[in-house]
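Residue-level structure breakdown
Read off the chains here:
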Amino acid sequence: MLAPEPFFEPRGTPFSEYHRIKALSELGCRIDLVTYPFGRDVALPGLRIYRCPRPPLLRGVRIGPSAAKILLDLLLTATAARLAHARLYDAVHSHEEAGVAGICLAEGLGGPHLSGMPSSLPQQLANFGYDRSTLVRRLFEWAETLMVTRSRAVITICQELQDTAAALGAADRASLIENVMGGDFDDGAPPQAPEIRARYGIDGDRPLVLYTGTFEAYQGLDLLIEAAALLGRTHPDARILVVGGTPAQVALARGQADGTASNLVFAGQRPPAEIPGFVEECDILVSPRTSGTNTPLKIYSYLRSGRPIVATRLRTHTQVLDPETALLVAPRADALAAGLARLIDDPGERERLAAAARALASARYSRKAYVARTAAAYERLLGRPVPASGESPAAPPGP
């Protein structure tokens, strides 16, 4: 498996990779994961992690396209090729742009390739402001088309990506498997963070809104800060607790909120195992995304949480949420503030939405269905049932 990201790191695609590996492990598969030289090792049965070399002076890599990622992807490809030369693998499973290298490796091994689509490559360019170059855009479009058309199986994580795969001719080979486990993570620690409110100086009787996630532009933090200022005028007791962001991103957001949104409380990045504790302490969950079409992974955890959701009325949310399971608002600060105010004032509506969301999660987004769909996708990939029968090949040499 090729993962062109820091693994593990508590954000979207690494979470997606973690849960895919965990499901495959439960199905009896053994996975050699080739990834970047950054991130945290995790222990799962049958998983071995191989990290590509770290270029001198490079201490990390940011989310989205970058020159550093190009260099790291070349090193990742070389590491994967070395492993492929030392061992006969049943299949190659690649994520995102590593699919180009994955297809070449699979063809060299004489085996099938599975392309994981946690996002659309051309849309990544738009999300991060790199779509002004026609040449670069066409290169990403070519790469995505190659990865979909030359793969025996494709896994998408939302309806929008499933439609993209179908438009490229892979309707009969693409499996829609939503990231239903969201940001859940087995960390060996109790999934709770006691006395969250006391830690951040929030009185127990204050209405508390919670945001969790990264601070990338498409997440809508600017919108949330503007909405917080408006909410502070009508509901001065309410607080909005923001979990996530690098120290530099948090400092910038604090600067934006200074003097206008004193009701915002920034917690910074927290361990994944603590997030359920934050959710338990809040009254309302908010997802203020302003662009993109992928469903945020956290939405599935939010559905199970027993807390109501306020989200922007965009494709990124509406392919999972509807007015029965969440309060959907226009992606404007006044609409978001009004939505939060409405739920603060209406406990009955909060309970109704939370109950409907839980029912949806149980009916459509269960972990049992996730594992079953993963097994079906791999049966299509391998042409035989999972787990594989027979002896596993000998282990490759160490990294």
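Quantities reported herein were computed from a predicted structural model and do not represent experimental measurements. (Residues numbered from 1 in each chain as written. Predicted model: local features only at pLDDT ≥ 70, side-chain atom pairs only at ≥ 80, totals over all residues. Heavy atoms only, no water.)

Here the focus is the overall build of the chain. Of regular secondary structure, the chain possesses 15 helices and 13 strands. Computed over the C-alpha atoms, the radius of gyration of the chain is 21 Å, within 12% of the 21 Å expected from 2.2 N^0.38 for a compact globule of 399 residues. Overall, the C-alpha framework of the chain stretches about 65 × 45 × 40 Å when taken along its three principal axes. Out of the 399 residues in the chain, the part that is buried amounts to 54%. Long-range pairs, those at least 24 residues apart, make up 68% of the contacts in the chain with a sequence separation of at least 6. For the chain, the accessible area works out to roughly 17200 Å², and carbon and sulfur atoms hold 54% of it. Averaging the positions of the 43 positive and the 42 negative side-chain charges in the chain gives two centres separated by 4 Å. (Helix = DSSP H or I, 4+ residues; strand = E, 2+ residues; numbered from the N terminus. Rg over C-alpha atoms; globule rule 2.2 N^0.38 Å. Buried < 20%, exposed > 50% of the residue type's maximum accessible area, 1.4 Å probe, protein only. Contact = heavy atoms within 4.5 Å. Areas by Shrake-Rupley, 256 points an atom, 1.4 Å probe, with all protein chains shown as cover. Lys, Arg positive; Asp, Glu negative; His and termini not counted. Charge placed at Lys NZ, Arg CZ, Asp CG, Glu CD.)

Take the side chain of Thr374 next. When you line up the elements, Thr374 lands in helix H15 (residues 367-382). Separated by 3.4 Å, the side chains of Thr374 and Arg20 make a polar contact. Among the polar contacts listed, one links the side chain of Thr374 to the backbone oxygen of Tyr370, at a separation of 2.9 Å. Not counting residues up to four positions away in its chain, the partners in contact with Thr374 are Arg20, Ala23, Leu24, Leu27 and Ile177. (Polar contact = N/O pair within 3.5 Å; in protein donor to acceptor, adjacent residues only side chain to side chain.)

The next point concerns the sheet that holds strand E13 (residues 327-329). Strand order in the open sheet formed by six strands is E10-E9-E8-E11-E12-E13, and the pairing between neighbours is parallel. Each edge of the open sheet carries a strand with a single partner, namely strand E10 (264-268) and E13. For this sheet the average axis-to-axis angle between neighbouring strands, irrespective of direction, equals 25°. In the packing of helix H8 (residues 221-234) onto the sheet, the strands contacted are strand E8 (208-212), strand E9 (239-243), E10, strand E11 (284-287) and strand E12 (309-312), and the crossing angle to E9 comes to about 160°. (Pairing = 2+ DSSP bridges. Axes fitted to C-alpha atoms, helices over the stretch in contact; angles between N-to-C directions.)

The next point concerns helix H2 (residues 67-86). With 20 residues, H2 extends 30 Å between its outermost C-alpha atoms, agreeing within 8% with the 28 Å of an ideal straight helix rising 1.5 Å per residue. Among the residues of H2, Lys69, Leu72, Asp73, Leu76, Thr79, Ala80, Leu83 and Ala84 are the ones counted as buried. End-on, the buried residues of H2 take up no more than an arc of 135°, which puts them together on one face. More than 90 degrees from the buried face of H2, the exposed residues found are Ala67, Ile70, Leu74 and His85. Looking at the buried side of H2, the elements it contacts are strand E1 (2-3), strand E2 (31-35), strand E3 (47-51) and helix H3 (99-109). (Expected span 1.5 Å × (residues − 1). Arc of directions from axis to C-beta.)

Quick look at unusual backbone geometry now. At the junction of Phe7 and Phe8, the peptide bond is cis and its omega measures out at 0° in the coordinates. Considering the arrangement of structural elements, one finds Phe8 in the loop between E1 and helix H1 (12-26). Notably, Leu57 is not glycine yet its phi reads approximately 75°, a positive angle. Tracing the backbone shows Leu57 in the loop between E3 and H2. Within the chain, Glu96 stands out as a residue other than glycine whose phi angle is a positive 50°. Within the element layout of this structure, Glu96 appears in the loop between strand E4 (92-95) and H3. We classify Glu96 as buried; its relative accessible area is 10%.

This paragraph deals with empty space enclosed by the protein. Taken as a whole and assessed by the stated rule, the structure comprises two cavities of 30 Å³ or more. In this structure, the largest cavity is lined by Glu96, Ser115, Gly116, Met117, Ser119, Leu121, Glu144, Met147 and Val148. Looking at the lining of the largest cavity, the elements that each hand over two or more residues are strand E5 (113-117) and helix H5 (134-149). For the lining of the largest cavity, the per-class residue count stands at four nonpolar, three polar and two charged. Reported here for the second largest cavity is a volume of approximately 40 Å³. What lines the second largest cavity is Ser16, Arg20, His93, His95, Gly116, Met117, Pro118, Ile155 and Ile157. (1 Å grid on protein atoms, 1.4 Å probe; cavity = no way out; pocket = protein on both sides within 12 Å on 5 of 7 lines; lining within 4 Å. Points joined across faces, edges and corners; volume = space filled by probe spheres on them. Nonpolar A, V, L, I, M, F, W, Y, C, P; charged D, E, K, R; others polar.)

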